[in-house]
Amino acid sequence: RAMDFVPLIDQLGERGTAIAGGALIGALFGVFAQRSAFCTRSAVLDLTRGRDLKALAVWAAGFAAAVLGVQYLLASGRLDVLETRFFSTAQSLSGALIGGALFGVGMVLARGCVSRLIVLSASGNLRALYTSVVIAVVGLATYSGVLVPARDAIGGLWSTAQLGGNDVLAHAGLGQQAGVVIGAALAIAALLLVVKARPSPWRVVGGIGVGLSVVAGWWFTYTLSLQVFDPIQAESLSYIRPLATTGGLAAAGSDGPGLDQGVLVGTLAGAFAAALLFREFRIAGFSEPGTPSVLRYTLGAALMGFGGILAVGCTIGAGFTGGAVLALSSLLGLAAMIGGAAAADRLIDARPATAAVASRPHALPAE
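Residues numbered from 1 in each chain as written. Predicted model: local features only at pLDDT ≥ 70, side-chain atom pairs only at ≥ 80, totals over all residues. Heavy atoms only, no water.

## As for the nonpolar core
Most often, soluble globular proteins have nonpolar side chains that are buried together. Counting residues in each nonpolar core, the largest one holds 85 residues, and the members touching the most others are Val114, Trp218, Tyr239, Ile316 and Phe320. Discounting chain neighbours no more than four positions away, the residues touching Val114 are Phe103, Ile135, Tyr239, Ile240, Leu243, Met304 and Cys314. (Core = buried A, V, L, I, M, F, W, Y, C linked by side-chain atoms within 4.5 Å. Buried < 20%, exposed > 50% of the residue type's maximum accessible area, 1.4 Å probe, protein only. Contact = heavy atoms within 4.5 Å.)

Listed below in structure tokens is the structure:
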């Protein structure tokens, strides 16, 4: 039986309930992401640099938890995503691939994906805060401003309409139960990776918590959609769109704060509380030794702002939220982000880092 949100809706209103739920789920994500140091860029660098695979194991645990949890909700009838943006309209595959690749390059230049930068901003990292602001500005320009024509031109090149849909299971001729099997297989693979890499138990729990936050987002918004008067689409966590839409709140015609802003504020609050509680809050600026140029961060942020909106999501919004429902565009976008990040690290950071590692082991401190 679905949870009854009607008493809460009566008290807070429909929009207020969406904000409150988004804030709670965002806060959980913020705590889990802060404690696990969850970051897609770090996971990619584990592969490109042959590191200890701890960040990759944490990421894999989160992704497996998201896919398995959401696919279970779908198979058990507790969630329906047919009317969501992933399946109700054609999705851009060219936007996913090109935008995803640009996002991946930007992720390496800015040394963190969007969700990681937001968590770091709440932990006192002024580089991450600056980068997040630039992402918000470029993201807004791409979402509803001067970059919309470029977004539409690229996004219109190839879409799921040309393939007959965006559902991976449907393309493979499989039923919904197959999604649970896929999720279980990912969970087993993640477990084997965790055993091999041996990250701390707390980091693994945090990674799983990140994935379950995405599951919670899907469950909450779908359940809420069944109980509100004004129709809303089921959705889950995303960070590139909330940054863009928050930046546009002051614009004429804005509908005011909603789920996006709840998620953003909640994530900042959760990460801030975790950083304080575990004594990891520290002011860090561009003046620290070994920090790359502010121009590098600016370029990376611009690429993420444009690429993330073009790909209809960041590593969380597209990769986890869309990936968990096995949307083809999201999985291609996530693959493009990973590929773009790997290529950028090889071309931009790997060779100089290798040459300098012996004499300057801390020359490029990780965000």
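## Focus: helix α11 (residues 240-247)
In terms of burial, α11 is a largely internal element, 6 of the 8 residues being buried. Restricting attention to buried positions, one finds in α11 the residues Ile240, Arg241, Pro242, Leu243, Ala244 and Thr245. Residues of α11 that are buried in the fold lie against α5 (114-122), α6 (126-144), α12 (259-277) and α13 (294-310). (Helix = DSSP H or I, 4+ residues; strand = E, 2+ residues; numbered from the N terminus.)

## Here's the deal with the packing of helix α4 (residues 93-109) against α13
For the pair α4 and α13, interaxial distance at closest approach is 7 Å and the crossing angle is 155 degrees. Considered as vectors, α4 and α13 are oriented roughly antiparallel to each other. Seen from above, α4 lies across α13 with left-handed handedness. Here Gly95, Ala96, Ile98, Gly99, Gly100, Leu102, Phe103, Val105, Gly106, Met107, Val108 and Leu109 of α4 come into contact with α13, specifically with Arg296, Tyr297, Leu299, Gly300, Leu303, Met304, Phe306, Gly307, Gly308 and Leu310. Class assignment for the residues of the contact of α4 with α13 results in 14 nonpolar, 7 polar and 1 charged. (Axes fitted to C-alpha atoms, helices over the stretch in contact; angles between N-to-C directions. Parallel < 35°, antiparallel > 145°, perpendicular 65-115°, else oblique. Left-handed = near helix turned anticlockwise from the far one by under 90°. Nonpolar A, V, L, I, M, F, W, Y, C, P; charged D, E, K, R; others polar.)

## Here's the deal with unusual backbone geometry
Even without being glycine, Arg198 reaches a positive phi, approximately 55 degrees. Position of Arg198 relative to the elements: it lies in the loop between α9 (177-197) and α10 (201-225). The exposure class assigned to Arg198 is exposed, which follows from its relative accessible area of 67%.

## Quick notes on the environment of Ala284
With respect to the helices and strands, the residue Ala284 is situated in the loop between α12 and α13. Spatially, the C-alpha atom of Ala284 lies 9.8 Å from that of Glu367, the residues being 83 residues apart in sequence.

## Section: a nonpolar patch on the surface
A contiguous nonpolar surface patch, about 710 Å² in accessible area, is contributed by Leu126, Leu129, Val133, Val137, Phe272, Leu276, Phe281 and Ile283. For Phe272, the position within the fold is in helix α12. Since its relative accessible area comes to 36%, Phe272 is described here as partly exposed. (Patch = residues over 30% accessible without salt bridge, like charges linked within 9 Å, V, L, I, M, F, W, Y side chains within 5 Å. Areas by Shrake-Rupley, 256 points an atom, 1.4 Å probe, with all protein chains shown as cover. Salt bridge = Lys/Arg side-chain N within 4 Å of Asp/Glu carboxyl O.)

## Concerning the confidence of the model for the protein
Of all residues in the protein, 94% have pLDDT values of 70 or greater, and the mean over the chain is 93. Per-residue pLDDT stays below 50 along residues 352-365; that stretch engages in 11 contacts with residues further than four places along the chain or on separate chains. (pLDDT = per-residue confidence, 0-100.)

## With respect to the packing of aromatic side chains
Under the defined criterion, the tally for this structure stands at 12 aromatic pairs. Judged by centre distance (5.7 Å) and plane angle (80 degrees), the rings of Tyr130 and Phe286 are edge-to-face. With a gap of 156 residues between them, Tyr130 in helix α6 and Phe286 in the loop between α12 and α13 connect regions that are remote in the sequence. Through a chain of ring-to-ring contacts, the aromatic side chains of Phe38, Trp59, Phe63 and Phe320 assemble into a single cluster. Sitting over the ring of Phe278, Arg35 keeps its end group 3.8 Å from the ring centre. (Phe/Tyr/Trp six-rings, centres within 6.5 Å; stacked < 30°, edge-to-face > 60°. Lys NZ or Arg CZ within 6 Å of the ring centre and 35° of its normal.)

## A closer look at the side chain of Ser238
Tracing the chain through its elements places Ser238 in the loop between α10 and α11. Excluding anything up to four places from it in sequence, Ser238 contacts Val263 and Gly317.

## Let's talk about the pattern of salt bridges
Within the structure shown, the criterion is met by 12 salt bridges. Where Glu288 meets Arg127, a salt bridge forms, and the shortest distance between an N and an O atom there is 3.3 Å. Here the residue Glu288 occupies a position in the loop between α12 and α13, and Arg127 occupies one in helix α6, the gap between them amounting to 161 residues. With relative accessibility at 2%, the residue Arg127 sits in the buried group.

## What to know about the environment of Ile135
Within the fold, Ile135 resides in helix α6. When the C-alpha atoms of Ile135 and Gly308 are compared, they prove to be 9.1 Å apart, with 173 residues separating the residues in sequence.

## Quick notes on the side chain of Arg241
Locating Arg241 in the fold gives a position in helix α11. Once residues within four sequence positions are removed from consideration, Arg241 is found in contact with Arg85, Tyr143, Glu235, Asp260 and Ile309.

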